2 protein chains.
Amino acid sequence: MERIEIPPDIVIRRLPLYARSLRYLLDEGIQFVSSQELGERINVTASQIRKDLSFFGEFGKQGIGYDVAKLLTHIEHILGLSQDWPMVLVGVGHLGQAIVHYEGFYTKGVKLVAIFDNDPAKLGQHIGEFPVLSQEHISPVVQTHSVKMAIVAVPAPQAQSVTDSLVEAGVRAILCYAPVILQVPDGIYVRYIDPITALHSMTYYLAREEERENQEERA
Amino acid sequence: MERIEIPPDIVIRRLPLYARSLRYLLDEGIQFVSSQELGERINVTASQIRKDLSFFGEFGKQGIGYDVAKLLTHIEHILGLSQDWPMVLVGVGHLGQAIVHYEGFYTKGVKLVAIFDNDPAKLGQHIGEFPVLSQEHISPVVQTHSVKMAIVAVPAPQAQSVTDSLVEAGVRAILCYAPVILQVPDGIYVRYIDPITALHSMTYYLAREEERENQEERA
DNA sequence: TAGATTGTTAATCGATTAACAATC
DNA sequence: TAGATTGTTAATCGATTAACAATC
């Protein structure tokens with residue numbers, strides 16, 4: 001068990017998928033799972049799962065596979081999900097409101113603690129249990145709660161400056177819903193939620209197919 | 001200009017980012033951009049941009065760079081955004097409603113034509129301009145409008161069966177908001193919007209940092 | 001022309017997969 | 001024990017980058 005090699009980011013990004021699948025297996029009452037079976041569920045090769053896990057230790061039993069509950073606990077621990085990371089949301093438009101209401105976010109590992117918006121019409125209003133605070137309060141709230149994680153759901157033109165405030169205040173990880181690439185200092189982690197870009201990459205294939213169909217017609 | 005090599009999917013996924021950045025440049029009134037400058041905006045190397053574009057043709061001028069408007073037109077054409085692909089949405093909970101209201105979706109390339117949900121309380125209601133239709137109507141609507149693209153925003157347990165109906169009806173590309181991996185036949189394109197997984201991959205790094213800080217404290 | 005930047009090739013880097021000894 | 005499956009190594013595959021001749 002060498003421990004020198006640090007796991008590549010791409011492996012880190014797959015771990016949450018493994019965890020999620022293991023949670024479903026647990027719900028189904030399945031006790032053991034092989035890398036083969038787990039792989040089939042998430043469209044990943046058995047080799048890849050075993051290789052990914054090998055960065056963190058040895059969790060399986062030859063001839064048996066993995067104990068679902070134990071492996072899940074291990075992965076959640078590796079991912080830092082044994083604690084709840086306090087999180088803030090900036091931007092409470094339609095999207096921000098859907099985020100506040102989305103049960104998915106009330107999950108292991110993260111905990112929303114405050115929401116911010118600069119629209120005077122929204123200030124003081126409650127969304128779910130959270131009062132909408134002005135963005136001036138970002139810095140004190142982030143510092144008071146040691147918030148390291150934030151969701152940016154403001155319109156594109158404001159995303160960079162909001163990000164700058166968050167980072168300045170001490171946030172280290174940002175989930176960005178705005179259609180922009182954020183410029184952040186080294187050591188700040190950013191992930192994007194970008195449905196339009198995802199759609200636009202699929203239209204490419206639809207267009208290719210249509211082209212092919214038209215060619216066949218003409219032939 | 002060889003045309004034998006087919007562009008890898010990872011290149012196709014970057015094209016929409018290039019397009020988006022070019023749109024911003026156009027808004028700013030910038031006429032020419034080098035691969036270097038474009039790369040800096042989206043945190044990608046100049047080499048990568050030039051290599052990516054080379055799969056599709058020669059769009060730049062030595063010594064000058066790329067004509068922003070022209071390159072954008074080229075990329076949009078490549079991505080199949082010269083036409084609007086009709087699209088349906090299945091699932092009109094908080095999330096689905098936010099999607100219907102999100103202006104970002106009223107963009108070049110895709111056009112929402114119908115929304116579906118099986119909640120009897122919602123049937124017949126309007127969300128924006130769209131009446132909520134029962135899922136029985138998926139197949140006829142998809143076939144009538146030749147819909148090839150769909151958004152799945154139903155709860156996880158229903159996502160696979162909804163997907164099956166969509167594919168059966170003729171949909172070829174799916175944007176999935178449910179936290180599951182869909183099983184689809186070859187030649188069906190799926191992209192996932194998965195904020196929780198994104199958060200859970202960042203907590204990994206936060207946890208590592210915290211560990212490091214604690215070690216320093218002890219030292 | 002001189003300077004800048006492309007398009008493309010080859011080198012490098014990194015990720016995935018196949019294979020198998022170890023072992024439950 | 002026999003069968004199954006792990007963890008790990010080495011081979012393969014693919015993507016990124018550096019470098020540079022071509023050329024605007």
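In this report, the structure presented in the accompanying data block is examined. What you are looking at is a predicted structure, and each value in this text was computed from that prediction instead of being measured.

With respect to the sheet that holds strand β6 (residues 126–127) of chain A
Backbone hydrogen bonds are what pair the strands of a sheet, in a parallel or an antiparallel way.
Residue and element names in this part refer to chain A.
So, point 1. Taken in spatial order, the seven strands of this open sheet run β6-β7-β5-β4-β8-β9-β10, and their pairing is mixed. Looking at strand neighbours, the two that pair on one side only are β6 and β10 (189–192), the edges of this open sheet.
So, point 2. Relative to β10, strand β9 (residues 173–176) is paired through four bridges, and the arrangement is parallel. What sits directly across from isoleucine 174, in β10, is valine 190.
So, point 3. Together, β4 (85–90), β8 (149–152) and β9 form the strand contacts of helix α7 (residues 156–169), whose direction differs from that of β8 by roughly 170 degrees.

Focus: the pairing of strand β8 (residues 149–152) of chain B
Residues and elements named next belong to chain B.
So, point 1. Where burial is concerned, the two faces of β8 agree: the one with Met149 and Ile151 and the one with Ala150 and Val152 are both buried.
So, point 2. Where strand β4 (residues 85–90) meets β8, four bridges bridge the pair, whose relative direction is parallel. For methionine 87, the partnering residue across the bridge sits in β8 and is methionine 149.
So, point 3. Bridge count between β8 and strand β9 (residues 173–176): four bridges; the pairing is parallel. Bridging across to β9, methionine 149 finds its partner in alanine 173.

Focus on the packing of helix α1 (residues 9–27) of chain B against helix α4 (residues 68–78) of chain B
All names here are of chain B.
So, point 1. Two elements in contact, α1 and α4, have axes whose closest approach is 9 Å; the angle formed by their N-to-C orientations is 150 degrees. For the element pair α1 and α4, the recorded crossing hand is left-handed. Contacts between α1 and α4 involve Leu15, Tyr18, Ala19, Leu22, Arg23, Leu25 and Leu26 on the former and, on the latter, Val68, Ala69, Leu71, Leu72, Ile75, Glu76 and Ile78.

Section: the relation of the copies chain B and chain A
So, point 1. Each copy of the sequence occupies a distinct position, and chain B is placed on chain A by a rotation of 180 degrees and an axial shift of 0.0 Å, giving an RMSD of 0.0 Å. Taken together, these values place the two copies in the relation of a two-fold axis.
So, point 2. Interface overlap between copies is the fraction of interface residues in one copy that are interface residues in the other; for chain B against chain A it reaches 100%, indicating a shared surface.

Section: the packing of aromatic side chains
So, point 1. The full count for this structure, using the stated rule, is 10 aromatic pairs over all chains.
So, point 2. For the pair Tyr102(A) and Phe105(A), a centre-to-centre distance of 5.6 Å together with 85 degrees between the ring planes defines the contact as edge-to-face.
So, point 3. Assessed through its relative accessible area of 5%, Phe105(A) is described here as buried.
So, point 4. Taken together, the ring pairs connect Phe55(A), Phe56(A), Tyr189(A), Tyr204(B) and Tyr205(B) into an aromatic cluster.
So, point 5. Here Arg208(B) stacks its cationic end above the ring of Tyr204(B), 4.6 Å away from the centre of that ring.

Looking at the protein's contact with DNA strand C
So, point 1. Looking at DNA strand C, there are 26 residues lining it, with Ser47(A), Ser35(B), Arg50(B), Gly60(B) and Tyr66(B) nearest.
So, point 2. Here DNA strand C approaches the protein such that, of its atoms within 4 Å, sugar and phosphate make up 59%.
So, point 3. Here Arg14(A) contributes a side-chain N or O atom positioned 3.0 Å from a phosphate oxygen of DNA strand C.
So, point 4. Here a phosphate oxygen of DNA strand C sits 2.8 Å away from a polar atom, N or O, in the main chain of Phe59(B).
So, point 5. Those elements giving two or more residues to the surface near DNA strand C turn out to be α1 (9–27) and α3 (46–54) of chain A together with α3 (46–54), β2 (60–61) and β3 (65–67) of chain B.
So, point 6. With four residues, α3(A) is the single largest residue contributor to the surface near DNA strand C.
So, point 7. Class assignment of the residues belonging to the surface near DNA strand C gives a composition of six nonpolar, 12 polar and eight charged.

Topic: the nonpolar core
A general trend in soluble globular proteins is that nonpolar side chains are found buried together.
So, point 1. In this structure, Phe105(A) and Phe105(B) are the most contacted members of the largest nonpolar core, which totals 103 residues.
So, point 2. Setting aside its immediate chain neighbours within four residues, Phe105(B) contacts Pro195(A), Ile196(A), Leu199(A), Met87(B), Ile99(B), Val110(B), Ile151(B), Leu175(B) and Tyr177(B).

Digging into the sheet that holds β3(B)
So, point 1. In spatial order, the strands read β1-β3-β2 (chain B); together these three strands make up an open sheet with antiparallel pairing. The open sheet has two edge strands with one neighbour each: β1 (32–33) and β2 of chain B.

Quick look at the pattern of salt bridges
A side chain with one charge can pair with a side chain of the opposite charge if their charged atoms come near.
All names here are of chain A.
So, point 1. For the structure on display, the rule yields 22 salt bridges over all chains.
So, point 2. A salt bridge links aspartate 9 to arginine 13; the shortest N-O distance between them is 2.7 Å. Here arginine 13 and aspartate 9 lie together in helix α1, a separation of four residues that amounts to about one turn.
So, point 3. You can call aspartate 9 partly exposed: its relative accessible area is 28%.
So, point 4. Members of the salt-bridge network, linked through shared partners, are Asp9, Arg13 and Arg191.

Each value, and the rule that gives it
Residues numbered from 1 in each chain as written. Chains lettered and ligands numbered in written order. Predicted model: local features only at pLDDT ≥ 70, side-chain atom pairs only at ≥ 80, totals over all residues. Heavy atoms only, no water. Pairing = 2+ DSSP bridges. Helix = DSSP H or I, 4+ residues; strand = E, 2+ residues; numbered from the N terminus. Contact = heavy atoms within 4.5 Å. Axes fitted to C-alpha atoms, helices over the stretch in contact; angles between N-to-C directions. Buried < 20%, exposed > 50% of the residue type's maximum accessible area, 1.4 Å probe, protein only. Left-handed = near helix turned anticlockwise from the far one by under 90°. Least-squares fit on C-alpha atoms with pLDDT ≥ 70 in both. Phe/Tyr/Trp six-rings, centres within 6.5 Å; stacked < 30°, edge-to-face > 60°. Lys NZ or Arg CZ within 6 Å of the ring centre and 35° of its normal. Near = heavy atom within 4 Å. Polar contact = N/O pair within 3.5 Å; in protein donor to acceptor, adjacent residues only side chain to side chain. Nonpolar A, V, L, I, M, F, W, Y, C, P; charged D, E, K, R; others polar. Core = buried A, V, L, I, M, F, W, Y, C linked by side-chain atoms within 4.5 Å. Salt bridge = Lys/Arg side-chain N within 4 Å of Asp/Glu carboxyl O.

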